[in-house]
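Each chain, written out:
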Amino acid sequence: MDHTIDLFGVIDRLKQLVAEIGKFQQENLGSAKLALAVKSTAIDIVTEIDKKSEAKLIAFVKEYYPAHAILAEESGRSAAQSDYLWIIDPLDGTTNYAQGLPIFSVSIALAYRGQTILGLVYAPVLAELYYAVRGQGAFLNDRPIHVAAKTNLLDSVLATGFPYDVAEHPVNNIDYFTRLLPKTRAIRRFGSAAYDLASVACGRFDGYWELNLSPWDAAAGILLVEEAGGTVQPFRQDRKVSIIAGNNTIVGQIYNEIKTLQ
Ligand code: IPD
Ligand code: CA
Ligand code: CA
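Residues numbered from 1 in each chain as written. Chains lettered and ligands numbered in written order. Predicted model: local features only at pLDDT ≥ 70, side-chain atom pairs only at ≥ 80, totals over all residues. Heavy atoms only, no water.

Trainee: How should the packing of aromatic side chains be read in this particular structure?
Mentor: Aromatic ring pairs: the centre-centre distance and the angle between the two ring planes describe each pair. Counting across every chain of the model gives 14 aromatic pairs. Here Phe8 and Phe139 contribute two aromatic rings whose centre-to-centre distance is 6.4 Å and whose plane-to-plane angle is 80 degrees, an arrangement assigned as edge-to-face. On the criterion of sequence distance, the pair formed by Phe8 in helix α1 (residues 7–27) and Phe139 in strand β9 (residues 137–140) is long-range, its members being 131 residues apart. The interplanar angle of 50 degrees and the centroid separation of 6.4 Å between the aromatic rings of Tyr64 and Tyr65 together place this pair among those described as tilted. Taken together through their ring pairs, the aromatic side chains of Phe60, Tyr64, Tyr65 and Trp86 make up a single cluster. For the cation-ring pair, Lys56 lies above Phe24, with the distance from its terminal atom to the ring centre recorded as 4.7 Å. (Phe/Tyr/Trp six-rings, centres within 6.5 Å; stacked < 30°, edge-to-face > 60°. Helix = DSSP H or I, 4+ residues; strand = E, 2+ residues; numbered from the N terminus. Lys NZ or Arg CZ within 6 Å of the ring centre and 35° of its normal.)

Trainee: I tried to follow the domain arrangement of the protein chain on my own but got confused; where do I start?
Mentor: Frequently, the measure chosen for interface size is the accessible area that the parts lose on association. Once the domains are mapped, the protein chain shows domain 1 (7–144) and domain 2 (153–261). Taking only C-alpha atoms into account, the centre of domain 1 sits 21 Å from that of domain 2. Taken over both partners, the interface formed by domain 1 and domain 2 buries close to 2,300 Å², and the fraction arising from carbon and sulfur atoms is 66%. Looking at the side of domain 1 facing domain 2, the largest losses of area belong to Asp92, Ile103 and Tyr130, adding up to 21% of the total buried there. At the junction of domain 1 with domain 2, the criterion picks out two salt bridges. One salt bridge connects Glu128 with Arg204, and the closest N-O pair in it is separated by 3.0 Å. Between the two partners, domain 1 and domain 2, sit twelve residue pairs in polar contact (both at pLDDT 80 or more). Going through the elements one at a time, β5 (84–92), α3 (94–99), β6 (105–112), β7 (115–123), β8 (128–133) and β9 are the ones with two or more residues in the side of domain 1 that touches domain 2. (Domains from an automatic or database assignment. Buried area = accessible area lost by both parts, 1.4 Å probe. Salt bridge = Lys/Arg side-chain N within 4 Å of Asp/Glu carboxyl O. Polar contact = N/O pair within 3.5 Å; in protein donor to acceptor, adjacent residues only side chain to side chain.)

This is how it looks when you write it as structure tokens:
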């Protein structure tokens, strides 16, 4: 059976919620009083603002969709058994955030029986709200968006990121970066995977790749790209969520460059 949720109604509710969370995040951006803790490695940080933002998101799901399950970056997976799963990154781009850099986002996806049906990425400082509903398109501030149409890698501007275990793991994206840099017009490292994918969805980046992401970094952004007419291709199984995104042609060209690298 198909799901029975009015997803555009959900988006209307989420718009109010993320506006409130985004205001809270902006008020504390780069604040010298931000308490930092480290997580998986010495460079993987978390702030009180990540945790408080996540608490607001979880409270929202519990209030409106109490039977649904939740997978959230800072608190893990809830005990609920449900066809519905909320996949939440309350603050994607924490390194930027703690530095006072304005590129960070809230990323929220809703999956039904394992398939993402709604994705929302909000970048509060930039006042950009991206959302997508499966089969219904992708939007930036309520206007339809589409991936870029370029067909030549050398004309393309790509984005990527580096994993927090860059110092410890041999597959750390440096080889991919070295291979692709001379084959493209430019490569950017914005520091928020969710925002990178949103930027692919609206055509500002022609392509993107990254390895060792977590579901909360990528779930909403992947749906944005797909609903904007793009392709998202997994490229290795051993490093969690590893993906290439863009239009189908550029994704193929990126894959051809990196497929032979370890
Ligand atoms: C990180 C950002 C970054 C990406 C890392 C992610 P966080 O998420 O999305 O761009 O390169 O892999 O973990 O820790 O800021 O939520
Ligand atoms: Ca993240
Ligand atoms: Ca995060």
